[in-house]
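# Notes for the structure review
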Amino acid sequence: MTTISLKCRCGEVQGSASNITPASGNRVVCCCSDCQAFASYLKADADTLDEFGGTEIFQVSQAQVSIERGHDKLHSLRLKPKGLLRWYSSCCNTPIGNTMSAGMPFVGVIHTFIDEANREDVLGPVKAVVQTQHAIGEPGYAKHSAKFPLGVTASIIGKMLVWKFRGKHKPSVFFAEDGRPVSKPTIVDDAIAE
Ligand SMILES: [Zn+2]
Ligand SMILES: [Zn+2]
């Protein structure tokens, strides 16, 4: 078990994720157009997306994530009114992670916020590359699939149930006690997100 450092590009927002092992989370690459739109909106494409437009994400429970400084820089947006809450640092537009609602215990931490030189060692190999139908060009990943492979989906659902059962959505750096996001999400107009 390791604790990994989390940091935005400029260092204003810093935190950590505890109890990390390759088995404790899911390291996936998502090529969906919303993840790409999020990076573009923040003008962070170059740092965030790989050559095929994929975003590397490590899914952990919200309780594993703590923010030690820069809470007030934790901002969120939704690309669509009911879309995922996508978190970023308002100081330097570093993509931080994706959450659903307060009751859903996971956060997909985006690699741009993970301050580890060798993610392969700490997080283990990428378990799945998903939504490759939205990839840029011919995705040249070693293995990939258009949907979440069954094994990974089962693993995510299994972990969510365990986290939920153990109350791992609390404490959360992203949601207040009443379940509201700590910062009011901006709804990005579809026209801008395109
Ligand atoms: Zn920053
Ligand atoms: Zn995505």
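Summary of the structure given here.

Conventions and cut-offs
- Residues numbered from 1 in each chain as written.
- Chains lettered and ligands numbered in written order.
- Predicted model: local features only at pLDDT ≥ 70, side-chain atom pairs only at ≥ 80, totals over all residues.
- Heavy atoms only, no water.
- Donors = N, O, S within 2.8 Å, 3.2 Å for Na, K, Ca; no water.
- Tetrahedral: all angles 85-135°; square planar, octahedral: opposite > 155°, others 65-115°.
- Buried < 20%, exposed > 50% of the residue type's maximum accessible area, 1.4 Å probe, protein only.
- Helix = DSSP H or I, 4+ residues; strand = E, 2+ residues; numbered from the N terminus.
- Contact = heavy atoms within 4.5 Å.
- Pairing = 2+ DSSP bridges.
- Core = buried A, V, L, I, M, F, W, Y, C linked by side-chain atoms within 4.5 Å.
- Phe/Tyr/Trp six-rings, centres within 6.5 Å; stacked < 30°, edge-to-face > 60°.
- Axes fitted to C-alpha atoms, helices over the stretch in contact; angles between N-to-C directions.
- Salt bridge = Lys/Arg side-chain N within 4 Å of Asp/Glu carboxyl O.

### A look at the coordination of the zinc ion (ligand 1)
Protein coordination of the zinc ion (ligand 1) is provided by Cys-8 (SG), Cys-10 (SG), Cys-91 (SG) and Cys-92 (SG), with donor distances spanning 2.3 to 2.4 Å. Coordination geometry of the zinc ion (ligand 1): the four donor atoms subtend angles of 105 to 118° at the metal centre, consistent with an arrangement described as tetrahedral. Using a relative accessible area of 1% as the deciding quantity, one classes Cys-8 as buried. Assessed through its relative accessible area of 42%, Cys-10 is described here as partly exposed.

### With respect to the environment of Ile-187
Tracing the backbone shows Ile-187 in strand E11 (residues 186-187). Placed 108 residues apart in sequence, Ile-187 and Leu-79 show a C-alpha to C-alpha distance of 5.9 Å. Residues in contact with Ile-187, not counting those within four places in the same chain, are Arg-78, Lys-80 and Pro-81.

### A word on the sheet that holds strand E6 (residues 74-78)
Reading across the sheet, the eight strands line up as E10-E3-E4-E9-E8-E7-E6-E11 and stay open at both edges, with mixed pairing between neighbours. Edge positions in the sheet fall to strand E10 (128-130) and E11, since each of these pairs with one other strand and no more. Two strands pair when backbone bridges link them, and E6 and strand E7 (residues 85-89) are joined in this way by four bridges, in the antiparallel orientation. Counterpart to His-75 in the pairing with E7 is Tyr-88.

### Quick word on the nonpolar core
Residues Ile-4, Leu-6, Ile-20, Val-65, Val-109, Phe-113 and Phe-174 are the most contacted members of the largest nonpolar core, which totals 25 residues. Apart from residues no more than four positions distant in its own chain, Val-65 is found in contact with Leu-6, Ser-16, Ala-17, Val-60, Val-107, Val-109, Val-173 and Phe-174. Among the nonpolar cores identified, the runner-up in size contains 16 residues, and Val-28, Leu-42, Ala-44 and Val-188 belong to it.

### Some details on the packing of aromatic side chains
If you walk through the whole model with that rule in mind, you get three aromatic pairs. Each ring, one from Phe-52 and one from Tyr-141, has its centre 5.0 Å from the other, and the planes form 70°; the classification is edge-to-face. With Phe-52 in the loop between helix H2 (45-48) and strand E4 (55-61) and Tyr-141 in the loop between E10 and helix H4 (150-165), the pair connects residues that are 89 residues apart, well separated along the chain. An identical accessibility class is assigned to Phe-52 and Tyr-141; each is buried. A connected cluster of aromatic rings, assembled from ring pairs, spans Trp-87, Phe-174 and Phe-175.

### Comments concerning the pairing of E4
Among the seven residues of E4, seven are classified as buried, and the element is accordingly described as predominantly covered. Neither face of E4 is exposed, since Thr-55, Ile-57, Gln-59 and Ser-61 on one face and Glu-56, Phe-58 and Val-60 on the opposite face are all buried. Alignment of E4 against strand E9 (residues 106-110), held across five bridges, turns out to be antiparallel. Paired with Ser-61 across the bridge in E9 is Phe-106.

### Focus: helix H1 (residues 33-41)
Buried within H1 we find Cys-35, Gln-36, Ala-37, Phe-38 and Ala-39. Lys-43 sits one or two residues past H1 and shows a positive phi near 55°.

### Focus on the sheet that holds strand E1 (residues 2-7)
The strand order across the open sheet formed by three strands is E1-E2-E5, and the pairing between neighbours is antiparallel. Lying at the two open borders of the sheet, with one neighbouring strand each, are E1 and strand E5 (65-69). Direction aside, the axes of adjacent strands within the sheet are offset by 25° on average. Sheet analysis places E1 next to strand E2 (residues 14-20), joined by five bridges and oriented antiparallel. Looking across to E2, one finds that Leu-6 is bridged to Gly-15.

### Remarks on the pattern of salt bridges
Under the defined criterion, the tally for this structure stands at eight salt bridges. Residues Glu-56 and Arg-27 are paired through a salt bridge, measuring 2.9 Å at the closest nitrogen-oxygen approach. With Glu-56 in strand E4 and Arg-27 in strand E3 (residues 26-30), this residue pair connects regions lying 29 residues apart in the sequence. Each member of the pair, Glu-56 as well as Arg-27, is classed as buried. Here the salt bridges share partners, and the residues they tie into one network are Arg-27, Glu-56, Arg-119 and Glu-120.

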